[in-house]
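Residue-level structural notes
What follows is each chain in one-letter form.
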Amino acid sequence: MFVCAITKKLSRPGIKPIKLVTLTRPKTYTETRRNEDTGLIETVQIGSGFEIVKEVDVSEEGLAIWNAAQAKEESSF
């Protein structure tokens, strides 16, 4: 059982929550390596992506409300 973050309703027993990512931020992944030519230790970027900052539990009803609000927001642009 869980409380939906959008509708604030308590779920029925046995229902699993849907994890909804509400906030992300960019992330750069680096690695420290020794430069073979100079012998100095350097920090090298090996990848980039996004990491989850905030994630909430929602029900199917709450997810439908969230998706409708996102579609409405996108159509206003």
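Description of the structure in this document. (Residues numbered from 1 in each chain as written. Predicted model: local features only at pLDDT ≥ 70, side-chain atom pairs only at ≥ 80, totals over all residues. Heavy atoms only, no water.)

Thoughts on the overall build of the protein chain
Along the protein chain, the regular secondary structure elements total 1 helix and 2 strands. The order of helices and strands in the protein chain, counted from the N terminus, is β-β-α. Whereas a compact globule of 77 residues would reach a radius of gyration of roughly 11 Å, the protein chain reaches 21 Å, over 25% beyond that. Projected onto its principal axes, the C-alpha positions of the protein chain cover 60 × 40 × 15 Å. Within the protein chain, contacts between residues at least 6 apart in sequence are counted, and of these 55% link residues at least 24 apart. A distance of 10 Å separates the average location of the 11 positive side-chain charges in the protein chain from that of its 11 negative side-chain charges. (Helix = DSSP H or I, 4+ residues; strand = E, 2+ residues; numbered from the N terminus. Rg over C-alpha atoms; globule rule 2.2 N^0.38 Å. Contact = heavy atoms within 4.5 Å. Lys, Arg positive; Asp, Glu negative; His and termini not counted. Charge placed at Lys NZ, Arg CZ, Asp CG, Glu CD.)

Observations concerning the layout of surface pockets
Considering only enclosed or pocket space, the largest pocket measures out at about 230 Å³ in volume. As for the largest pocket, its lining consists of 14 residues, and the residues nearest its centre are Phe 2, Ser 11, Ile 15, Ser 59 and Glu 60. Classifying every residue of the lining of the largest pocket by side-chain character gives 6 nonpolar, 3 polar and 5 charged. (1 Å grid on protein atoms, 1.4 Å probe; cavity = no way out; pocket = protein on both sides within 12 Å on 5 of 7 lines; lining within 4 Å. Points joined across faces, edges and corners; volume = space filled by probe spheres on them. Nonpolar A, V, L, I, M, F, W, Y, C, P; charged D, E, K, R; others polar.)

Overview of unusual backbone geometry
Across residues other than glycine, the phi torsion is negative in most instances, and most of the peptide bonds are trans. Notably, Lys 8 is not glycine yet its phi reads approximately 65°, a positive angle. Among the secondary structure elements, Lys 8 is positioned in the segment before strand S1 (18-34). On the accessibility criterion, Lys 8 (60% relative accessible area) is exposed. (Buried < 20%, exposed > 50% of the residue type's maximum accessible area, 1.4 Å probe, protein only.)

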